[in-house]
Amino acid sequence: MATIHTQLEQGSDEWFAVKAGKVSASKAKDLMAKPSTAAYQNLIYKIAAEKATGQYINDGYVSYAMQRGTDLEQEARETFEFLTGHDVETVGFIETDDWTGCSPDGLVGVAGLEIKCPLAHTHARYLYKGDIPAEYVLQVQFSLMITGFNLWHFFSYHPAMRPLHIEVKPIKKNHSEIEQRLVEFKKEVEKVIQKLKR
C-alpha cells in the first residue's frame, strides 16, 4: 500500500528527509544499469550511506536545463490542465516501503503525471518520435509499479511549440525486471551497511 505525502513540498528539508535511503523513480535507470557500471555502483553506496546516516545526499548541482525545467513546471502543469480538462493535485512524495518511492509532478485522479520542459531541440525530437522518450521509460514504469496505478501521463512542454502528451500503461515485464533487480540491489546495500557498522 503506497503512502502519499500530500503536504510535503518538493525540495524542502522534510522532503529530502523522507527520500533518504530510498531509490526514487528518477534513479530507476541507474538501478537497472549493468551491475558493473559506475551508475549502479554509485547508487548502491549512495543508498547505503543514506540509510546509515539517515541523511539524504544531494550533490547540489543544478544545470541550466534543470533550472529551466523547474521554472516552467507550473506553467506546463496549467497547460496540461487546460488542454485535458483534468485537475492536477500536487504531492510531495509517494513511498511503498523503506526502499522505494517517487515524486510525481502531479496526480490526476488515480493516475500520475510526469512533466518535462526540455530545450527546444530536445522537445522537437520528442514530438518527431511521438512516443515517451526512451530515457524516461524506466522512470515512469517504476512509478507505475510502486503506486499500483494503471495510467501515467507523460507531458513534454515547450512554450514555443505544441506539447506532447502520452498516456503510459504498465508494462509487466518491466515491473518484473525491476522487482528482481531490487532484490539483488537490497542485498548489495545491506552488505555495504554491515561493513560501515564495523
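Above this text sits the structure in question.
This section reports on the structure supplied with the text. Each residue is numbered by its place in its chain's sequence as written, counting from 1. Local features in a predicted model are, by the rule used here, given only for residues with pLDDT of at least 70; side-chain atom pairs are given and counted only at 80 or more, and totals for whole chains, interfaces and linings are based on all residues. Side-chain measures were taken over the full set of non-hydrogen atoms in the model, leaving aside hydrogen atoms and water.

**Notes on the overall build of the protein chain**
Reasoning step 1: Secondary structure elements are taken from DSSP: a helix is a run of H or I of four residues or more, a strand is a run of E of two residues or more, and numbering for both begins at the N terminus. Scanning the protein chain from N- to C-terminus turns up 7 helices and 8 strands.
Reasoning step 2: The reference for a compact globule is 2.2 Å times residues^0.38; the radius of gyration itself is calculated from the C-alpha atoms. The C-alpha atoms of the protein chain give 17 Å as radius of gyration, which agrees with the globular expectation for 198 residues (16 Å, within 12%).
Reasoning step 3: Partly exposed describes any residue whose relative accessible area lies between the buried limit of under 20% and the exposed limit of over 50%, with all areas from a 1.4 Å probe on protein chains only and scaled to the type maximum. Taken across its 198 residues, the protein chain has 45% of its residues classed as buried.
Reasoning step 4: Should any heavy atoms of two residues lie within 4.5 Å, those residues are considered in contact. Put simply, of all contacts in the protein chain between residues at least 6 apart along the chain, 71% involve residues at least 24 apart.

**Observations concerning the pairing of strand β6 (residues 112-116)**
Where a strand is regular, its side chains alternate between the two sheet faces.
Reasoning step 1: In terms of residue burial, β6 counts as a mostly covered element, since 5 of its 5 residues are buried.
Reasoning step 2: Where burial is concerned, the two faces of β6 agree: the one with G112, E114 and K116 and the one with L113 and I115 are both buried.
Reasoning step 3: In this sheet, β6 lies alongside strand β5 (residues 106-107) in antiparallel orientation, the contact comprising 2 bridges. Following the sheet pairing, L107 is matched in β6 by G112.
Reasoning step 4: Here the rule is simple: two strands pair whenever DSSP picks up at least two bridges between them. The loop that links β5 with its antiparallel partner β6 comprises 4 residues; one of these, G109, has a positive phi angle of about 65°.
Reasoning step 5: As defined by bridge partners, β6 adjoins strand β7 (residues 152-156) across 5 bridges and the pair is classed as parallel. In the sheet register, E114 faces β7, and the bridge partner there is F154.

**Notes on helix α5 (residues 120-129)**
Reasoning step 1: Of all the residues in α5, the buried ones are T122, H123, Y126 and L127. Buried residues of α5 fall within an arc of 140° about the axis and therefore sit on the same side. Opposite the buried face of α5, by more than 90 degrees, sit the exposed residues H121, Y128 and K129.
Reasoning step 2: Structurally, α5 contributes buried residues whose contacts are with α6 (134-147), β7 and β8 (164-168). Taken from the helix axis, the directions to the C-beta atoms give the arc we talk about.

**So, the pattern of salt bridges**
Reasoning step 1: Note on definitions: salt bridges are taken to be side-chain nitrogens of Lys or Arg within 4 Å of carboxyl oxygens of Asp or Glu. All told, the structure shown has 9 salt bridges when counted by the stated rule.
Reasoning step 2: With a shortest N-O distance of 3.9 Å, D30 and K27 are connected by a salt bridge.
Reasoning step 3: By relative accessible area, which is 23% here, D30 ends up partly exposed.
Reasoning step 4: Between E184 and R181 there is a salt bridge; the shortest N-O distance is 3.5 Å. With E184 and R181 both in helix α7 (residues 172-196) and 3 residues apart, the pair spans about one turn of that helix.
Reasoning step 5: When its relative accessible area of 35% is taken as the criterion, E184 is described as partly exposed.

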